[in-house]
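One-letter residues, chain by chain:
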Amino acid sequence: MNYKINLGVWNGIFCVPCAVVDKYIKLAGESELKILLYLLRHGGESFSCERISEEIFLSPERVEEGINFWKQRGLFEADKAGDLIPVREKEEAGVKTYAQTDIIKAEEEHKSIVKKIELTRTPDFPPVEIAKTVRGSDKADYLFKHCEALYGRPLKYNEQNTLMIILEDACLPVEAALILVDYCFSISKNKPAYMRSTALEWVEAGVTTIESAEKRVEELKKLNSAVGRFKTMFEVTSSFSKEQKEFINKWVNELAFDDEMISEAYQITLNQTGKLAFKYMNKILTDWYGKGIRKKEQLEVDKKPQTVEKGENASLDISEIERLMIERAAKRKVDL
């Protein structure tokens, strides 16, 4: 009998499902594991038990038993063509079979990678198709005319292609695309390549509605403004890296710290490390955020040593304590 395991996008990747270790490592013997590794390594290929037998030095009968072992555990099932395919999670008669969640995730990641390639490339949309799209949609027609007004001239072919990528490949709604285009022009970055990369970031982040697009633009403008201010604050002459910008975005948009608090974290970082260290600053600011510290006044209170109150006399000074001790000693003499 011939076997063929079809792992889809995983045919070119040699990976082992987590359940092999999590559930079956104690049950599977050396032969079963060798057979499984061979099957996964040769995904997409057709082979017989005899061929596997020759490759891993097991009898054909033992190979078939090993394959049945994994089929019985719900790792694979045979489709109509007889190919072995991953089993998705399902409930049958109250019994839950193994879900090939790793492969499902891989397929989703593969789609994301494909989408990224589609957005970053320059596709060859025929002019006829572009014209058909514009004529067939009032919204698309408005987007193209709006861009022509912003450029102050008819759109070039590359610019038309970019809009088609945003609409067709990224599937970004026209309303969100209009906000994206206006933002790119507002920061003087209206090149097609920048629009495509921005569209990709929005799609990956789930920014596909008017509300989310407006919020995204607000965050980006806030980030751009902060980047300029912090270059002066940190005495930086070069551009910030992508990772550094991600830290800044976190501080101003997620944690919502003002410049005064970020400056305070910067000074502490300089005192402790002698240099600008974004990761060290991030730890400081994240710690403050967790403590609910948002203003410098709160920070000053946090720095003061805390006293544990145990009644009315908890804050008495030394002289007051001595006076009380003298009074109590005098009282004891009177009592005697």
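Just above, that's the structure.
Small disclaimer: the values here were computed from a predicted structure and weren't measured. Residue positions are given per chain, counted from 1 along the sequence in the order it is written. Totals for whole chains, interfaces and linings use all residues, but because this is a predicted model, local features are given only for residues with pLDDT of at least 70 and pairs of side-chain atoms are given and counted only at 80 or more. Side-chain numbers come from the whole structure's heavy atoms, not from hydrogens or water.

A.B. asks: Break down the side chain of Thr 133 for me, citing the residues and quoting the values.
C.D. replies: Starting at the N terminus, helices and strands are each numbered in turn, a helix being any DSSP run of H or I of at least four residues and a strand any DSSP run of E of at least two. Within the fold, Thr 133 resides in helix H6 (residues 127–136). Once residues lying within four places of it in the same chain are set aside, the contact partners of Thr 133 are Ala 140, Met 164 and Glu 168. What makes two residues a contact is simply this: any of their non-hydrogen atoms within 4.5 Å.

A.B. asks: Outline the layout of surface pockets, listing residues and values.
C.D. replies: A 1.4 Å probe that fits but cannot get out identifies a cavity on a 1 Å grid over protein atoms alone, an open set with protein on both sides within 12 Å along at least five of seven lines counts as a pocket, and a residue lines either if it has an atom within 4 Å of a point. Grid points are joined across faces, edges and corners, and a volume is the space filled by probe spheres set on the points. Here the largest pocket defines a volume of roughly 790 Å³. Of all the secondary-structure elements, those providing two or more residues to the lining of the largest pocket are helix H10 (192–204), helix H11 (210–233) and helix H12 (242–254). It is H11 that contributes the most residues to the lining of the largest pocket, 6 residues altogether.

A.B. asks: Could you give an account of the side chain of His 146, naming the residues involved and the relevant values?
C.D. replies: In this fold, His 146 is placed in helix H7 (residues 138–151). Polar contact is defined as a pair of N or O atoms within 3.5 Å, subject to the rule that within protein one atom must be able to donate a hydrogen and the other to accept it, and that residues adjacent in sequence are counted only when both atoms are side-chain atoms. A distance of 2.7 Å separates a polar atom in the side chain of His 146 from a polar atom in the side chain of Asp 182. With near-sequence residues (within four places) excluded, His 146 lies in contact with Leu 178 and Asp 182.

A.B. asks: Which residues make up helix H13 (residues 259–273), and what values do they have?
C.D. replies: Expected helix span is taken as 1.5 Å per residue step, with the number of steps being one fewer than the number of residues. Over its 15 residues, H13 extends 20 Å from the first C-alpha to the last, a length consistent with the 21 Å expected when each residue adds 1.5 Å. For H13, the set of buried residues is Met 261, Ile 262, Glu 264, Ala 265, Tyr 266 and Thr 269. Once H13 ends, the next one or two residues include Gly 274, with phi positive near 80°. Relative accessibility thresholds used throughout: buried, under 20% of the residue-type maximum; exposed, over 50%; partly exposed, between the two (1.4 Å probe, protein chains only).

A.B. asks: Which residues make up the pattern of salt bridges, and what values go with them?
C.D. replies: The salt bridge definition used is simple: a Lys or Arg side-chain nitrogen within 4 Å of an Asp or Glu carboxyl oxygen. One pass over the full model with this rule turns up 10 salt bridges. Among the ionic pairs, Glu 65 bridges to Arg 62, the shortest N-O distance being 3.5 Å. One end of the pair is Glu 65 and the other is Arg 62, both in helix H4 (residues 60–72) and 3 residues apart, which spans about a single turn. The structure contains a network of salt bridges with shared partners spanning Glu 32, Arg 62 and Glu 65.

A.B. asks: Lay out the environment of Lys 296 with the relevant residues and their values.
C.D. replies: Relative to the assigned elements, Lys 296 resides in helix H15 (residues 296–303). Overall, the relative accessible area of 28% leaves Lys 296 in the partly exposed class. Each C-alpha atom, one on Lys 296 and one on Met 261, is 6.2 Å from the other, the two residues being 35 residues apart in sequence. Setting aside anything within four residues of it in sequence, one finds Lys 296 in contact with Glu 260, Met 261 and Glu 264.

A.B. asks: Describe in detail the packing of aromatic side chains, supporting the description with residues and values.
C.D. replies: Whether two aromatic rings pair depends on their centres lying within 6.5 Å, for rings of Phe, Tyr and Trp, where Trp uses its six-membered ring; planes under 30 degrees apart make the pair stacked, over 60 edge-to-face, and the rest tilted. Taken as a whole and judged by the stated rule, the model has 9 aromatic pairs. Between Phe 234 and Tyr 266 the ring centres are 4.8 Å apart and the planes differ by 45°, which places this aromatic pair in the tilted class. Here Phe 234 is found in the loop between H11 and H12, whereas its partner Tyr 266 is found in helix H13, with 32 residues between them in sequence. Tyr 266 carries the same exposure label as Phe 234, and that label is buried. Each ring, one from Phe 240 and one from Phe 278, has its centre 5.8 Å from the other, and the planes form 75°; the classification is edge-to-face. Placement of Phe 240 in the loop between H11 and H12 and of Phe 278 in helix H14 (residues 278–291) is noted, with a sequence separation of 38 residues between them.

A.B. asks: Requested: an account of empty space enclosed by the protein, with residues and values cited.
C.D. replies: Per the stated rule, a full pass over the model turns up 1 cavity of 30 Å³ or more. Taken together, Cys 147, Tyr 151, Leu 155, Glu 159, Thr 162, Leu 163, Pro 192 and Met 195 form the lining of the largest cavity. At the level of elements, H7, helix H8 (157–169) and H10 are the ones that each hand at least two residues to the lining of the largest cavity. For the lining of the largest cavity, the element with the most residues is H8, which contributes 3 residues. The classification used treats Ala, Val, Leu, Ile, Met, Phe, Trp, Tyr, Cys and Pro as nonpolar, Asp, Glu, Lys and Arg as charged, and all other residues, Gly among them, as polar. Tallied by class, the residues present in the lining of the largest cavity amount to 6 nonpolar, 1 polar and 1 charged.

A.B. asks: Account for the state of the cysteines, naming residues and giving values.
C.D. replies: Cysteine sulfur atoms that come within 2.5 Å of each other are treated as a disulfide pair. All chains considered together, the criterion is met by 0 disulfides. Summary of cysteine pairing: Cys 147 is not part of a disulfide, and the nearest cysteine sulfur, belonging to Cys 184, is at 9.5 Å.

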